[in-house]
Amino acid sequence: MNELDETHDAGRSSWVGGAEPGSDFPVQNLPLGIFSEAKGLRRPGVAIGDYILDLAAIAEAGLLDEEWSEDFKQPVLNAWLARGAQAHRELRLRLSELLSDERYRDDLEVHLIGHSEVHMHLPCLVGDYTDFYVGIHHATNVGKQFRPDNPLLPNYKYVPIGYHGRSSSVRASGHPVVRPCGQRKPPDAEVPEYGPSRRLDYELELGIWIARGNSLCEPIPIAEAAEHIAGYCLLNDWSARDLQAWEYQPLGPFLAKNFLTSVSPWVVTAQALAPFRAPMPERPPGDPKPLPYLDDPNSDSAALAIETEATLSTEAMRDSGLAPHRLSRGSAASAMYWSAAQIVAHHSSNGCNLQPGDLIGTGTLSTDSDEGLGSLIEISRGGSAPVSLPNGETRGFLEDGDEVTLRAWCERDGAVRIGLGECSGRVLPASAS
Ligand code: CA
């Protein structure tokens, strides 16, 4: 699975502008997404350099396997993702050939559209969205704020913890973040009141897109779980901490989370990430081994060496031309106690059926250092140690006008750097109620 082939060759380059090494989208990446031009239909495309290659158009022109044509006429990628890993590998081989061989330039150039000329949409119709909590440093940091002596609950090292989220409010990067209203009860208040959240936060996560699903009552074995993953994106699980603190017991996250979840628009495929697979971090001495159904025979390549970054720009910073301020910089591989394969195997272990285009969040990814914290509640210590910004402003939580941007990329000696793109959102005032 996910072996290296000629598509990963660091010597291969594309004739398309902007696809040079160092960009997010060289010919070694080839992520899929759904785009539209002004007044145009939504359709699938592949990112290459500064452009998007129109998959429906090149299928129509006879440049792709005819069997795939119907999938590329769809406004979402679900049907394509359902085909599974073998077809995904074949498309990648073909696109890599087309976009690196000058002989195809005349045929393809007419089907390239600049990124600046398109609007990006959600890549899939998300049937179900589940958010996990596998970032162990995040779970520990947040747990400490509630239970200083016992931050991790006893199940954490046995069960990949998750909850069912809300698929209807998942949006592609750029969608505005309208400050949610809800019940909030400050610790010193006797009763809750209803109003705009005062503790709005972001959560830096990876999103996992499901390829082939599983039938109801037929769990996905851990050894096969990676083959059910089509690819990855960035995910921001916007969170209203004051609403969350009041509502979360006993059934977990609800209205504090489901007002919006943002994802980066590109499905960076499992195949593109093959050069960046890494061993799962060693579990500390004394930690339990995963139970057999989660014990991955491929654990030496189950982690992903993905670097992440979160930045913040306030309205005042933008008005005075200041660059966004970096809030964190970290590595997904060191943040995750459970791998994506373990997440998929666990989710289906009771017979729950995953479906093509389902979206799974990893949970907030924080490293064990102060530079790598994936949410403001951690960075500002629950608001008590606000972040200082370059223009003298401070932030415990997000204010109206603030824009958070998540980025991620992979780099390794001998491989060409690839990027996951961006996941951005700007906070707007609460709707009048
Ligand atoms: Ca989350």
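Residues numbered from 1 in each chain as written. Predicted model: local features only at pLDDT ≥ 70, side-chain atom pairs only at ≥ 80, totals over all residues. Heavy atoms only, no water.

Our focus in this paragraph is the environment of Gly-22. Following the sequence through the fold, Gly-22 ends up in the segment before strand E1 (32–37). On the accessibility criterion, Gly-22 (48% relative accessible area) is partly exposed. Note: C-alpha distance between Gly-22 and Ile-418 (396 residues apart in sequence) is 7.6 Å. (Helix = DSSP H or I, 4+ residues; strand = E, 2+ residues; numbered from the N terminus. Buried < 20%, exposed > 50% of the residue type's maximum accessible area, 1.4 Å probe, protein only.)

We now examine the coordination of the calcium ion. As a benchmark, a tetrahedral metal site with four donors has ideal angles of 109.5 degrees, while an octahedral site with six donors has ideal angles of 90 or 180 degrees. The calcium ion binds to the protein through Asp-131 (OD), Glu-203 (OE), Glu-205 (OE) and Asp-237 (OD); the donor distances cover 2.2 to 2.4 Å. Spacing between the donor residues of the calcium ion along their common chain follows D-x71-E-x1-E-x31-D. Taken together, the residues Asp-131 in strand E6 (residues 129–132) and Glu-203 in the loop between strand E12 (200–201) and strand E13 (204–210) connect sequence positions 72 residues apart. We classify Asp-131 as buried; its relative accessible area is 2%. When its relative accessible area of 4% is taken as the criterion, Glu-203 is described as buried. (Donors = N, O, S within 2.8 Å, 3.2 Å for Na, K, Ca; no water.)

We now examine the sheet that holds strand E5 (residues 118–121). What the five strands build is an open sheet, ordered E4-E3-E2-E1-E5; its pairing is antiparallel. Strand pairing shows two members of the sheet lacking a second neighbour, strand E4 (112–114) and E5, which therefore form its edges. Within this sheet the neighbouring strands show an average axis-to-axis angle of 45°, counted without direction. In terms of strand pairing, E1 meets E5 through four bridges, oriented antiparallel. Each bridged residue has a counterpart across the sheet, and for Ser-36 the counterpart in E5 is His-119. (Pairing = 2+ DSSP bridges. Axes fitted to C-alpha atoms, helices over the stretch in contact; angles between N-to-C directions.)

What follows covers the side chain of Gln-28. Residue placement: Gln-28 occurs in the segment before E1. Given a relative accessible area of 4%, Gln-28 falls into the buried group. One polar contact links the side chain of Gln-28 to the main-chain carbonyl oxygen of Arg-12, over a distance of 2.8 Å. Not counting residues up to four positions away in its chain, the partners in contact with Gln-28 are Thr-7, His-8, Asp-9, Ala-10, Arg-12, Arg-92, Ala-272, Val-416 and Ile-418. (Polar contact = N/O pair within 3.5 Å; in protein donor to acceptor, adjacent residues only side chain to side chain. Contact = heavy atoms within 4.5 Å.)

Entries for the protein chain in the domain assignment read domain 1 (6–121) and domain 2 (129–428). Taken over C-alpha atoms, the centre of domain 1 sits 28 Å from the centre of domain 2. Taken together, both faces of the contact between domain 1 and domain 2 bury some 2200 Å²; the carbon and sulfur share is 64%. By the criterion of area lost to domain 2, the three top residues of domain 1 are His-8, Asp-24 and Leu-81, representing 22% of everything that side buries. (Domains from an automatic or database assignment. Buried area = accessible area lost by both parts, 1.4 Å probe.)

Right, let's get into a nonpolar patch on the surface. Together, Tyr-158, Leu-291 and Tyr-293 give the surface a local cluster of nonpolar side chains, amounting to about 280 Å² of exposed area. Tracing the chain through its elements places Tyr-158 in the loop between helix H5 (136–146) and strand E7 (162–164). Judged by its relative accessible area of 42%, Tyr-158 falls in the partly exposed class. (Patch = residues over 30% accessible without salt bridge, like charges linked within 9 Å, V, L, I, M, F, W, Y side chains within 5 Å. Areas by Shrake-Rupley, 256 points an atom, 1.4 Å probe, with all protein chains shown as cover. Salt bridge = Lys/Arg side-chain N within 4 Å of Asp/Glu carboxyl O.)

What the five strands build is an open sheet, ordered E9-E26-E25-E20-E21; its pairing is mixed. Edge positions in the sheet fall to strand E9 (177–178) and strand E21 (325–331), since each has one partner strand and no second. By the bridge criterion, eight bridges tie strand E25 (residues 403–410) to strand E26 (residues 418–428) in an arrangement that is antiparallel. Residue pairing across strands places Thr-405 opposite Ser-424, the latter belonging to E26.

Of all seven residues in E13, seven are buried; the element is thus mostly enclosed. Taking every second residue as pointing to the same face, both faces of E13 are buried, with Leu-204, Leu-206, Ile-208 and Ile-210 on one and Glu-205, Gly-207 and Trp-209 on the other. Bridging between E13 and strand E14 (residues 229–236) involves seven bridges; their strand directions are antiparallel. Along E14, the bridge assignment pairs Trp-209 with Gly-231. In this structure, E13 lies alongside strand E22 (residues 359–361), joined through three bridges in antiparallel fashion. If you follow Trp-209 over to E22, its bridge partner there is Leu-359.

Turning our eyes to something else, we now look at the environment of Arg-199. Residue position: Arg-199 is located in the loop between strand E11 (193–196) and E12. Here the alpha-carbon distance between Arg-199 and Arg-184, two residues 15 residues apart in the chain, equals 9.8 Å. Once you skip the residues sitting within four places of it in the chain, Arg-199 turns out to touch Ser-239, Ala-240, Arg-241, Asp-242, Gly-382 and Phe-397. A polar atom in the side chain of Arg-199 sits 3.3 Å from the backbone oxygen of Gly-382.

As a further point, take helix H3 (residues 85–100). When the terminal C-alpha atoms of H3 are compared, their 22 Å separation across 16 residues agrees well with the 22 Å that a helix rising 1.5 Å per residue should span. Residues of H3 that are buried include every one of Ala-85, Ala-87, His-88, Arg-89, Leu-91, Arg-92, Leu-95, Ser-96, Leu-98 and Leu-99, and no others. (Expected span 1.5 Å × (residues − 1).)

Relative to the elements of secondary structure, Thr-314 occurs in the loop between strand E20 (307–313) and helix H7 (315–319). With a relative accessible area of 0%, Thr-314 lands in the buried category. Within the local environment of Thr-314, its side chain forms a polar contact with the backbone nitrogen of Met-317, the two atoms lying 3.0 Å apart. Setting aside its immediate chain neighbours within four residues, Thr-314 contacts Leu-389, Asn-391, Glu-393, Arg-395, Gly-401 and Asp-402.

Our next topic: the state of the cysteines. What the rule picks out here adds up to zero disulfides. Cys-423 provides the cysteine sulfur closest to Cys-233, a residue in no disulfide bond, and the two sulfurs are 7.6 Å apart. (Disulfide = S-S within 2.5 Å.)

With that settled, the discussion passes to the packing of aromatic side chains. On inspection of all chains with the given rule, the structure shows six aromatic pairs. When the ring of Tyr-156 is compared with that of Tyr-337, the centres are 6.0 Å apart and the planes differ by 50°; the resulting orientation is tilted. With Tyr-156 in the loop between H5 and E7 and Tyr-337 in the loop between helix H8 (332–335) and helix H9 (340–348), this residue pair connects regions lying 181 residues apart in the sequence. Grouping residues by exposure puts Tyr-156 and Tyr-337 together as buried. Ring centres 5.6 Å apart and planes at 80° place the aromatic pair Tyr-337 and Trp-338 in the edge-to-face group. (Phe/Tyr/Trp six-rings, centres within 6.5 Å; stacked < 30°, edge-to-face > 60°.)

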